[in-house]
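Analysis of the macromolecular model
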Amino acid sequence: MARAGVLVATGIMRQEALQYDAALELLLEARQLYRSAKSVRGEAWALTWLGRDAFYRAPASAETRALFEEALSRYRETGFPAGAGWALAFLANIALIAEDDDRARQRAEEALQLGRSAHVGQVVGHALRMLAILDARAGDFENSDRRLDELIAIHKAAGNRAFLLAAHVEAAELAASRGDVARATSHLAAGAELARDMTPERGLELVTSAAYVAYVDGRARDAAALFGARLGLSRFTFPKRFRPIVEALEVQGLREEITAGANLSADEAVERVIQLVSPPHDLIERQGDVGGGPAVASDPEL
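Let me sum up the structure you'll find in this document. (Residues numbered from 1 in each chain as written. Predicted model: local features only at pLDDT ≥ 70, side-chain atom pairs only at ≥ 80, totals over all residues. Heavy atoms only, no water.)

So, the overall build of the chain
- Across its full length, the chain holds 15 helices and zero strands.
- Principal-axis analysis of the C-alpha atoms places the extent of the chain at approximately 65 × 40 × 35 Å.
- Burial analysis of the chain (302 residues in total) assigns 52% to the buried set.
- Residue pairs at least 24 apart in sequence account for 66% of intrachain contacts in the chain once pairs closer than 6 positions are excluded.
- As displayed, the chain offers around 13100 Å² of accessible surface, 50% of which is attributable to carbon and sulfur atoms.
- Both charge centroids of the chain, one from 35 positive and one from 43 negative side chains, sit 5 Å from each other. (Helix = DSSP H or I, 4+ residues; strand = E, 2+ residues; numbered from the N terminus. Buried < 20%, exposed > 50% of the residue type's maximum accessible area, 1.4 Å probe, protein only. Contact = heavy atoms within 4.5 Å. Areas by Shrake-Rupley, 256 points an atom, 1.4 Å probe, with all protein chains shown as cover. Lys, Arg positive; Asp, Glu negative; His and termini not counted. Charge placed at Lys NZ, Arg CZ, Asp CG, Glu CD.)

Some thoughts on the packing of helix α12 (residues 220-233) against helix α14 (residues 255-262)
- Here α12 crosses α14 at 45°, and the two axes come no closer than 6 Å. Our classification of the angle between α12 and α14 gives oblique. Seen from above, α12 lies across α14 with right-handed handedness. The residues of α14 that touch α12, namely those facing R221, A224, A225, G228, A229 and G232, are E257, I258, G261 and A262.
- Of the residues belonging to the contact of α12 with α14, the class tally is five nonpolar, three polar and two charged. (Axes fitted to C-alpha atoms, helices over the stretch in contact; angles between N-to-C directions. Parallel < 35°, antiparallel > 145°, perpendicular 65-115°, else oblique. Left-handed = near helix turned anticlockwise from the far one by under 90°. Nonpolar A, V, L, I, M, F, W, Y, C, P; charged D, E, K, R; others polar.)

A few points about the packing of aromatic side chains
- Enumeration according to the criterion identifies nine aromatic pairs in this entry.
- Centroid distance Y75 to F80: 5.7 Å. Interplanar angle 45°. Geometry classified as tilted.
- Centroid distance W86 to F90: 6.2 Å. Interplanar angle 35°. Geometry classified as tilted. Here W86 pairs with F90, and both are found in helix α5 (residues 81-97), just four residues apart, close to one helical turn.
- Taking the relative accessible area as the measure of exposure, W86 reaches 18% and is therefore buried.
- Of the residues examined, F90 reaches a relative accessible area of 6% and is grouped as buried.
- Members of the aromatic cluster, connected to one another through ring pairs, are F55, F68, W86, F90 and F163. (Phe/Tyr/Trp six-rings, centres within 6.5 Å; stacked < 30°, edge-to-face > 60°.)

Digging into the pattern of salt bridges
- The final tally for this structure, using the stated rule, is 24 salt bridges.
- Across the salt bridge formed by D149 and R183, the nearest N and O atoms sit 3.8 Å from each other. Remark: R183 occurs in helix α10 (residues 181-195) and D149 occurs in helix α8 (residues 141-158); sequence separation between them is 34 residues.
- Here D149 falls in the partly exposed class, since its relative accessible area comes to 43%. (Salt bridge = Lys/Arg side-chain N within 4 Å of Asp/Glu carboxyl O.)

Observations concerning helix α2 (residues 20-36)
- With 17 residues, α2 extends 24 Å from end C-alpha to end C-alpha; this agrees with the ideal 24 Å at 1.5 Å per step.
- Where α2 is concerned, the buried positions are Y20, A23, L26, L27, A30, R31 and Y34. Each buried residue of α2 sits inside an arc of 140° when the element is viewed along its axis, so together they form one side. Residues of α2 that are exposed and point more than 90 degrees away from the buried face comprise D21, E25 and S36. (Expected span 1.5 Å × (residues − 1). Arc of directions from axis to C-beta.)

So this is what it looks like as structure tokens:
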């Protein structure tokens, strides 16, 4: 049992370092050890992280959904509401990516209820994030912003800088998707301050979000460089929804900017974001850059 726990913990660290193949091998071994020991909750824990591995590879796949459904069943079997809440939150995310909004809302509401009853702020936050995206898709921006404000407050109170960074990234993208570049830039600036003291891998989402906001704002060259940096740092996890934008930038003749961006280190890419969003905000003070494109709705696959 102790070995299985070490394997899962190490697998989590490998995932965070973007070493997905190494993480998968460890997690599969851990699951087998828990199963052999008839530890239902332990197996559920391993299944959760195996589900995250599958989510990174193919977020809306049947395999991803099946792993989280199995984890949910195991958590319910052992009466562990916090774990069940996490599984439900990921199932909401999967449904959202598959554009099954009704199912996504149902799962997110369940996760929110479990998270609140079990006093698990991270589950509450993840559910709020899903519901904020759903509200924005439905055109209810006021309710979406309210949920995001609560999400940010939860992670700020908990001192969870990684989740707080992710919340600001989500808020920035949702604001940009409706053309509110000033609000988006404000959230990027807050995220950039957090990213300064984190590992470079934590800054990947910030770089992607800043690239998208720059594109929406018509800062095509900055967008090309930042999308290039994101591709260069981890092509495997690059969000599919942004690929059409990268292709559009290439059509605009910005392939060299994308290539140059791909040569940036993670630290250099985050520093470029910080420069863009530091006062005076370049993202909201355009000076004749190549035109970007229409805003697109934010997506949970970050």
